[in-house]
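Tertiary structure, described
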Amino acid sequence: MKLPVDIPELLKITTDLKEVASTPITVSIYIDDAASGELVGHVRSALASSGANAKVTIQYLTGDDVREGQADDMACIIAGDGKGIGKVAYLLRSARIPCMVVTTDTEAVAKQAEEEGFPIPEADIIAPVKVYSPTVLKIDQKLGGRLPFVNVAPTVEMKDEDLDAEAFKILDTRMGQWIGVACEDKKLAFALAFPFVRKPLAMDCVSASSIQNAAVGFVPIIQGADMPIMTLNQAKMVLQIATIYGEPLDKDRIKELAAVVGGAFLFRNVARSIAKFVPFAGWAVSGAIGYAGTEAMGRAAIEYFEAGGDIVGLAQVIQTARDEATKGAAKVASSEAGSKIIAAVKDKAASLVGPSASA
C-alpha cells in the first residue's frame, strides 16, 4: 500500500521544527517585594531553564526597571500589592516585550495599576483559579431571561494561604497557555526551555489539528482526496508534539510514523461502508473519523511523553489510541443521537474553511 505521506516532506518539517525549537530566547523576571514568598519561589523555579538556548535574568522592582533598548522575548512580573507594577508592565509592552503579571490577587493588582494610570490588560494578569463542579445553569440576561441556558462552572481565585500543589498546577497551565499565545513565534523554544509550557502548547496543537481534520472530512470534495490531507495533518501534529517534548523524530521513526497514520485507510473504508446504510452519515462519519482519530493520537502522544516515554515506543501508543477512537467514532457518527454531537464540530469546522463546509 502506498502511503499518503511524503517522507521527504516530513523530514523537512522535522528539520524546520528543530531549527525553530533551538531559537535563542531571553526572559526577564521582576519581583515585587510584597509578593507571596511561595509564589515567587514557584515561578522562579518554573522559569529556571536548563536549556542552553534560554537566558533568564532576575531582579527586584525598584521603579523604572526597563532598560532602554531592552529586547527580551518575554517578561514576567511576580506581583503582590506593591506600587509601580502597572508602569513597569506598560514600559515593557511599549518596548514590544510580552509581559505576564503573576499574582494571587488579580483584582487588587489591576485596581492599583489603573489608579496609577497604567492599566494592565486583563489577559496579561495570571493567577491560579480553581474551577468547581458541578456546573450550574445561568440564564443569558441579554435575551431577557429567555433561553438558551449556558453552562457556567463557578471559579474562585486562590489567595496566598490557598497555595498548594493543585494551585501551582493550575497556575502552570495558565502561564503555559499565555506563553503559547503571547510568544507565538518562539513558542517551541519556550516549550523546550520551560517544561510547564509543553502540555498546554501540545494540547493546543491537538485541538487545532483535530478541528482541521474534521473540516477536511466535512467538506464535500472528490472521494478519497481527503486522506492525504488528514494523514499529513496527523503526522505534522505528532512531529510537533515530539519536538515540544524534546524528542524529535529521526528518519527511521518518521517512516514508522508514516506507516501508522497510513493505517487510517482501513478505518476510513469501514466508515464509508457505514455511510452507505445511513442517509445522513456520509459527512458525519468522515468528519468524526478525522476529528476523533487525530485527537486520540495527539492525546496519547502527550500522555506518553508526560509519563517519561521516549521516541521508541511512540508509534505503537498512538496507533492503539487512534484505532480505538476511530472505531467508536464511526459507530457514534452513524447514530441519530451522535449526529447532534458531530453537528457541533461541523459548525466549528465550517468557520475555518468557509460556507462550503456546511453544504
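Residues numbered from 1 in each chain as written. Predicted model: local features only at pLDDT ≥ 70, side-chain atom pairs only at ≥ 80, totals over all residues. Heavy atoms only, no water.

A word on the environment of Thr243. By secondary structure assignment, the location of Thr243 is in helix α8 (residues 226-244). By relative accessible area, which is 3% here, Thr243 ends up buried. Spatially, the C-alpha atom of Thr243 lies 7.4 Å from that of Ala21, the residues being 222 residues apart in sequence. Discounting residues that sit within four places of it in the chain, Thr243 has contacts with Leu17, Ala21, Leu188, Leu192 and Pro248. (Helix = DSSP H or I, 4+ residues; strand = E, 2+ residues; numbered from the N terminus. Buried < 20%, exposed > 50% of the residue type's maximum accessible area, 1.4 Å probe, protein only. Contact = heavy atoms within 4.5 Å.)

The buried fraction of strand β1 (residues 25-31) amounts to 6 of the 7 residues, a majority that puts the element mostly inside the structure. Examined bridge by bridge, β1 and strand β2 (residues 54-60) share 7 bridges and lie parallel to one another. If you follow Thr26 over to β2, its bridge partner there is Lys55. By the bridge criterion, 5 bridges tie β1 to strand β3 (residues 74-78) in an arrangement that is parallel. Looking across to β3, one finds that Ser28 is bridged to Ala75. (Pairing = 2+ DSSP bridges.)

A side chain with one charge can pair with a side chain of the opposite charge if their charged atoms come near. Tallying each qualifying case throughout the model produces 4 salt bridges. With a shortest N-O distance of 3.2 Å, Lys187 and Glu184 are connected by a salt bridge. For Glu184, a relative accessible area of 42% puts it in the partly exposed group. Between Arg299 and Glu295 there is a salt bridge; the shortest N-O distance is 3.4 Å. (Salt bridge = Lys/Arg side-chain N within 4 Å of Asp/Glu carboxyl O.)

This part is about the packing of aromatic side chains. We describe a pair of aromatic rings using the distance from one ring centre to the other and the angle between the two ring planes. Enumeration according to the criterion identifies 5 aromatic pairs in this entry. Between the aromatic rings of Tyr90 and Phe118, the centroid separation amounts to 5.3 Å while the plane-to-plane angle is 45°, which identifies the pairing as tilted. Placement of the pair is Tyr90 in helix α3 (residues 85-94) and Phe118 in the loop between α4 (106-115) and β5 (125-126), with a sequence separation of 28 residues. Look at Tyr90 and you get partly exposed, because its relative accessible area is 39%. Residue classification places Phe118 among the partly exposed positions, given a relative accessible area of 22%. Between Phe190 and Phe194, the aromatic rings sit 6.0 Å apart at their centres with planes inclined by 40°, giving tilted as the arrangement. You'll find Phe190 and Phe194 in the same group, each marked buried. Chaining the aromatic ring pairs together yields one cluster made of Phe190, Phe194 and Phe196. (Phe/Tyr/Trp six-rings, centres within 6.5 Å; stacked < 30°, edge-to-face > 60°.)

Relative to the helices and strands, Gln234 resides in helix α8. Here the side chain of Gln234 touches Thr294 through a polar contact of 3.2 Å, side chain to side chain. Those residues in contact with Gln234 that sit more than four places away from it in its chain are Asn213, Val261, Gly293, Thr294 and Met297. (Polar contact = N/O pair within 3.5 Å; in protein donor to acceptor, adjacent residues only side chain to side chain.)

What follows deals with helix α2 (residues 37-46). Buried within α2 are the following residues: Leu39, Val40, His42, Val43 and Ala46. As for α2, its buried residues are in contact with β1, β3, β4 (99-102) and α5 (165-182). The opening residue of α2, the one whose side-chain oxygen lies 3.3 Å from the backbone nitrogen of Glu38, is Ser36.

Moving on, we come to the sheet that holds β4. Two pairing modes exist for strands in a sheet, parallel and antiparallel, and in both the strands are linked by backbone hydrogen bonds. Pairing is parallel in the open sheet, where 5 strands are placed in the order β2-β1-β3-β4-β5. Edge positions in the open sheet fall to β2 and β5, since each of these has one partner strand only. Each of β1, β2, β3 and β4 touches α2; the most contacted strand, β3, lies at about 160° to it. Relative to β4, α5 is tilted by about 165°, and along the sheet it contacts β3, β4 and β5. (Axes fitted to C-alpha atoms, helices over the stretch in contact; angles between N-to-C directions.)

Considering the arrangement of structural elements, one finds Asn233 in helix α8. Taking relative accessible area as the criterion, Asn233 reaches 14% and is therefore assigned buried. In this view, Asn233 contacts Ser209, Gln212 and Asn213; residues no more than four positions away in its chain are not counted.

As a further point, take the environment of Asp250. On the secondary structure map, Asp250 appears in the loop between α8 and α9 (251-262). Asp250 gets classed as partly exposed once you look at its relative accessible area, which sits at 42%. Residues Asp250 and Thr14, spaced 236 residues apart in sequence, show a C-alpha to C-alpha distance of 8.3 Å.

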